[in-house]
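# Coordinate inspection notes
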Amino acid sequence: MTSASPPTENAQPAHFSKLHVGVLLWMRDPRRTPVRVLSVSEDTASFTVEVRAFEDIGAQWTFPLRQADKFLCAPDTPAHSAAIIVARQSACDQFDQPLRVPVDTENRTTSLSKLNTLTQQARDWLHNTGHHPTPDQPLDSFSAFQDPTALTNWLSLHEVANLETDFATHYVSNPHAGETIKAHRLALADLGLCPFEGRILRDTAELTGPNSLAHRQRHILARLAFLRAAFDLLGQTHLQLYRVIYSDEPLTPPRTTGFVSTTFSREVALRFLKDGQSKRHAALYWQHVPVTRLFMTHLETPQMRRRYEESEALLLWDQHARLF
């Protein structure tokens, strides 16, 4: 980990007109994470940066051009020519199209039926491969979570292990960067499990070949089934989870984002709450959450443990959840 370079004096919100390859920017997060612009694409109206410090150093994140103002830039950063600015604005307009996919109740019924069958299969598979919890066994000592091959082997049976690596790597680094998580959200919506509200997909490669909608749906159902089966073997139906939110705007329940990040740890939640002290509003919530909402946790996901100590649990968004 390198030391973070502080923003220059009088740094100002960036704009796509000032995105040059090699320019240093700072995220407008509490730590002012420094990044360097690697590329700008008018074909997808996006730009890619490389993280220069902290846990994600070396990671490459891609954002829509219209989100350049999520970063700060030096006040003397020059603007591009008028022709380039017009071209980038045109590209933004092309992709800045809202998309809403409501839940299809028939698809939801079909998906839940498949999920119930898969969950029983996963339970039998865990039992037959030697994962037998003892009464009142701590979660983190269950062999299905301790053995890194358990989840991988289960997902390999369904030919989605590569998608697992791609999704987990992207989510733990920055779920808002790139289109991988958005493509999974679209798959969730097509399954009828969560509605989608957002913008159209920019990168069609995220839904073709091994990343196709059908493959993503298979990954979603197989993963949900694995966790439901594991917690069923452990005799757990609900978990106490925490979530912290902070903003300069009044706080609201989670938006329709398909996935909701939470933590098992109160200590981690308090750390996040401290990070948000510079904001006008902040809150720490906790509630007992049914394990049927669990999509990914630090227990079985190595990507959530390699650089991070956040004891994370990723949930499916639930419109009926009052807090998260």
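It should be noted that the structure appears before, not after, this text.
For clarity, every value in this text was computed on a predicted model and none was experimentally measured.

## A word on the side chain of N174
Take N174: it is sitting in the loop between helix 5 (161-173) and helix 6 (180-191). Since its relative accessible area comes to 9%, N174 is described here as buried. Among all residues touching N174, those that are not within four sequence positions of it are M27, W61 and F63.

## Some remarks on the sheet that holds strand 5 (residues 60-64)
Taken together, the 6 strands give an open sheet; going across it, the order is 1-6-2-3-4-5, and neighbouring strands pair in antiparallel fashion. Each of the sheet's edge strands pairs with one partner strand only, and the pair in question is strand 1 (12-13) and strand 5.

## A closer look at the packing of helix 5 against helix 7 (residues 213-233)
Two elements in contact, helix 5 and helix 7, have axes separated by 10 Å at closest approach and are oriented at 80°. With respect to their mutual orientation, helix 5 and helix 7 come out roughly perpendicular. The segment helix 5 lies against helix 7, with L163, E164 and F167 engaging H215, R216, H219 and R223. Of the residues contributing to the contact of helix 5 with helix 7, the split by class is 2 nonpolar, 2 polar and 3 charged.

## A look at the nonpolar core
Ranked by internal contacts, the top residues of the largest apolar core, which has 55 residues, are F226 and F231. Broken down by element, this core gets its largest block of residues, 11 residues, from helix 7. Apart from the residues within four sequence positions on either side, F226 is in contact with A122, W125, L126, A144, F145, A150, L151, W154 and E300. Counting residues in hydrophobic clusters, the runner-up holds 23 residues, among them L25, F71, A91 and A177.

## Some points on the pairing of strand 13 (residues 312-316)
Counting buried positions along strand 13 yields 5 of 5 residues, so the element is predominantly enclosed. Burial along strand 13 is two-sided: the residues E312, L314 and L316 and A313 and L315 are all buried. The sheet contact formed by strand 10 (residues 259-263) and strand 13 spans 5 bridges and is antiparallel. Bridge pairing in strand 13 links S261 to L314.

Calculation rules
- Residues numbered from 1 in each chain as written.
- Predicted model: local features only at pLDDT ≥ 70, side-chain atom pairs only at ≥ 80, totals over all residues.
- Heavy atoms only, no water.
- Helix = DSSP H or I, 4+ residues; strand = E, 2+ residues; numbered from the N terminus.
- Buried < 20%, exposed > 50% of the residue type's maximum accessible area, 1.4 Å probe, protein only.
- Contact = heavy atoms within 4.5 Å.
- Pairing = 2+ DSSP bridges.
- Axes fitted to C-alpha atoms, helices over the stretch in contact; angles between N-to-C directions.
- Parallel < 35°, antiparallel > 145°, perpendicular 65-115°, else oblique.
- Nonpolar A, V, L, I, M, F, W, Y, C, P; charged D, E, K, R; others polar.
- Core = buried A, V, L, I, M, F, W, Y, C linked by side-chain atoms within 4.5 Å.

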